[in-house]
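Structure at a glance
Each chain is listed here by its residues.
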Amino acid sequence: MAIDLHKYANPKRFLSIISVIYPWSVWLTVILLIAGLYMGLFVAPPDYQQGDTVRIMFVHVPAAWMALMIYTIMAVSSAVGLIWKHPVADLTAKAAAPIGAAFTFLALVTGSLWGQPMWGTFWVWDARLTSMLILLFLYLGYMAIWESFDDSAKAAKAAAILALVGVINIPVIRFSVDWWNTLHQPASVATMSGPKIHSSILIPLLIMGLAYTAFFVMVLIIRVRTEILQRRLRVMQISELREQ
Amino acid sequence: MSRFFQLVRRDLMLAFRQGSTVTLSLSFFVIVVVLFPLGVGPELSILARIGPGVLWVAALLACLLTLDRMFQADFEDGALDLLMIGPLPVEILVLAKVMAHWLTSILPLIIVAPVLALSLNIPAEGILTITFVLLIGTPALSLIGAVGAALTVGMRRGGVLLSLLVLPLYIPVLIFGVAAVDAAIAQLAVAPHLLLLGGVSLGALVVGPLAAAAGLRLSLS
């Protein structure tokens, strides 16, 4: 198993594998996104309390899932990069961060758009909203530390340390925010958990989740490939300068 | 062990002879707290309500203010390189630096905190608790901050990045710290909050030096 993984860490082999996966991810994204949006926006019944506003959920909930999943992926590949010193793992973590930040932002924006008609306000200091906001800041800090080193090997290590410290902290933050919220205000926003999910809503939700995952894989591949090619280009430019 | 205390003593001596560090963070802390009544209004009931939070936020910011100097001064004059190749393990070195930072820039705040709490009209039950809670919680601030300080040492404009990296990680300390004081004022059980806060501090004691040492090795390589 370990040997197999090391094999894929070779950038060249990695590039050839992802070029096979890439078209599949594009088609999956397109098909699932169309199917999910159609089912969510037209087929799924409106909620008896929330009306059509409930459809924002089909965009919002999977985005929140992705935000958490991508941070986990980032932390795992940071650990792999730190322990086995695989450059591809570092690049994957780097490439994943802005996508995760974008999903976090999407979850926050759609959440507040949903909150305006439902709660009468764009922002509530609810435990979930607050911890998502903190997650966004963790993403931004991670991206900022990549930018602030000139040496990319150093930046990779520093960012990996930060991602691992962050991933240890996320459960603590989550717990503390829940604790804080239950202390400061009664469960006035319990409507968020809503009625039990019926399959007519659950299925489009899951399809949207898969569509987002496929989208993530697609964008991740583009970004990692760009990173690898950029590095190669730089090496070539440097060797060209040396020859002159 | 004696090397550890030697290092702490050296840092304390440097801080006191230069003089400015302690008074600087102390006056910053006081000014931030004073700004709140000016901004919110002098109503005593409001001040008592937000007082614990104000003291904690001011303590976080004051801690942040001196954090980027934790390794930076030694990095600039080359002492940090010597310390790193010296016999002391880097993790222990970090611990000594953290201790010195806590003693010079946070302990003074805790000493004046009761007076400020009095001026914010926090009830007597809260004042005793806030001192105690600050004592338990603030080591976590220095320990978590050390990771950020180690990662940004030698960086241009490291201070701004440092605050972005460290402040989100401070949130649990803030929440449990304020909750403990609020509970004391409301005559509820304080112990669970204190236990959680102690847990965060102990967790930071394990993770902080390890991660900061890794960061230092990286920044100086």
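Residues numbered from 1 in each chain as written. Chains lettered and ligands numbered in written order. Predicted model: local features only at pLDDT ≥ 70, side-chain atom pairs only at ≥ 80, totals over all residues.

1. Regarding the overall build of chain A
For chain A, the helix and strand inventory stands at seven helices and zero strands. Counting helices and strands in the order they occur from the N terminus, chain A gives α-α-α-α-α-α-α. Looking at chain A as a whole, 36% of its 244 residues are labelled buried. For chain A, restricting intrachain contacts to residue pairs at least 6 apart in sequence, the fraction spanning at least 24 positions comes to 78%. (Helix = DSSP H or I, 4+ residues; strand = E, 2+ residues; numbered from the N terminus. Buried ≥ 20, exposed ≤ 12 C-beta atoms within 10 Å, placed from the backbone. Contact = placed C-beta atoms within 7 Å.)

2. Thoughts on the interface of chain A and chain B
Listed as interface residues are 23 residues of chain A and, on the opposing side, 19 residues of chain B. The set of elements that each furnish at least two residues to the side of chain A that touches chain B consists of α5 (127-147) and α6 (152-184) of chain A. Among the elements that take part in the side of chain A that touches chain B, α6 of chain A stands out by supplying 15 residues, more than any other. Among the residues making up the side of chain A that touches chain B, the classes are represented as 17 nonpolar, four polar and two charged. (Nonpolar A, V, L, I, M, F, W, Y, C, P; charged D, E, K, R; others polar.)

3. Section: the nonpolar core
Of all hydrophobic cores here, the largest spans 135 residues; its most connected members are L162 of chain A together with L55, A59 and A180 of chain B. Considering every element that reaches this core, the biggest residue donor is helix α9 (residues 158-185) of chain B, with 17 residues. Setting aside anything within four residues of it in sequence, one finds L55 of chain B in contact with V33, A113, L116, A117 and I130 of chain B. (Core = buried A, V, L, I, M, F, W, Y, C linked by C-beta atoms within 7 Å.)

4. Some points on unusual backbone geometry
With the exception of glycine, most residues fall at negative phi, and the peptide bonds are largely trans. Phi is positive for K85 of chain A, which is not a glycine, with a value near 55°. Along the chain, K85 of chain A turns up in the loop between α3 (56-84) and α4 (87-119). On the basis of neighbour count, K85 of chain A is assigned to the partly exposed category, with 13 C-beta atoms found within 10 Å. Backbone geometry places Q187 of chain B, a non-glycine residue, at a positive phi of 60°. Inspection of the secondary structure assignment puts Q187 of chain B in the loop between α9 and α10 (191-220). C-beta crowding within 10 Å serves as the criterion here: with 9 such atoms nearby, Q187 of chain B is assigned to the exposed category.

5. Quick notes on α4 of chain A
Helix length check: α4 of chain A, at 33 residues, gives a terminal C-alpha distance of 47 Å against a target of 48 Å (1.5 Å per residue), a fit within 8%. Once α4 of chain A ends, the next one or two residues include G120 of chain A, with phi positive near 80°. (Expected span 1.5 Å × (residues − 1).)

6. Concerning the confidence of the model for chain A
Residues and elements named next belong to chain A. Confidence in the prediction for chain A averages 82 pLDDT; 87% of positions are at 70 or higher. At the level of individual helices and strands, chain A shows its lowest average pLDDT in helix α1 (residues 2-8), which scores 59, and its highest in α3, which scores 88. Note on residues 185-192: pLDDT under 50 across the span, and two contacts to partners over four residues away in sequence or across chains. (pLDDT = per-residue confidence, 0-100.)

7. Considering the environment of G36 of chain A
The topology assignment puts G36 of chain A in helix α2 (residues 11-43). If sequence neighbours within four positions are ignored, G36 of chain A has contacts with F58, P204, I207, M208 and A211 of chain A.

8. Description of α2 of chain A
Taken as a whole, α2 of chain A carries its principal kink of about 30° at I21 of chain A; the proline P23 of chain A stands between one and four residues after it. Of the residues making up α2 of chain A, those classed as buried are F14, S25, T29, G36 and G40 of chain A. (Bend = angle between axes of the 7 residues up to and from the residue.)

9. Points about the confidence of the model for chain B
Residue and element names in this part refer to chain B. Of the residues in chain B, 100% reach a pLDDT of 70 or more, and the chain-wide mean stands at 88. Per-element mean pLDDT across chain B ranges from 85 in helix α1 (residues 2-18) up to 91 in helix α6 (residues 90-105). In the predicted complex, the global pTM is 0.84; the interface-specific ipTM is 0.82.

10. Quick look at the packing of helix α3 (residues 44-67) of chain B against helix α8 (residues 124-152) of chain B
Residue and element names in this part refer to chain B. Between α3 and α8, the shortest axis-to-axis distance is 10 Å and the interhelical angle comes to 30°. Classed by the angle they form, the pair α3 and α8 counts as roughly parallel. The crossing of α3 and α8 is right-handed. From α3, P52, L55, A59, L60, C63 and L67 reach across to α8, where they touch G126, I130, L134, T138, L141, S142, G145, G148 and A149. In terms of residue class, the contact of α3 with α8 is built from 10 nonpolar, five polar and no charged. (Axes fitted to C-alpha atoms, helices over the stretch in contact; angles between N-to-C directions. Parallel < 35°, antiparallel > 145°, perpendicular 65-115°, else oblique. Left-handed = near helix turned anticlockwise from the far one by under 90°.)

11. Let's talk about the packing of α8 of chain B against α10 of chain B
Residues and elements named next belong to chain B. At a minimum axis distance of 7 Å, the contact between α8 and α10 shows a crossing angle of 20°. In terms of axis orientation, α8 runs roughly parallel to α10. Pair α8 / α10 crosses with left-handed handedness. When grouped by side-chain class, the residues that make up the contact of α8 with α10 number 18 nonpolar, six polar and no charged.

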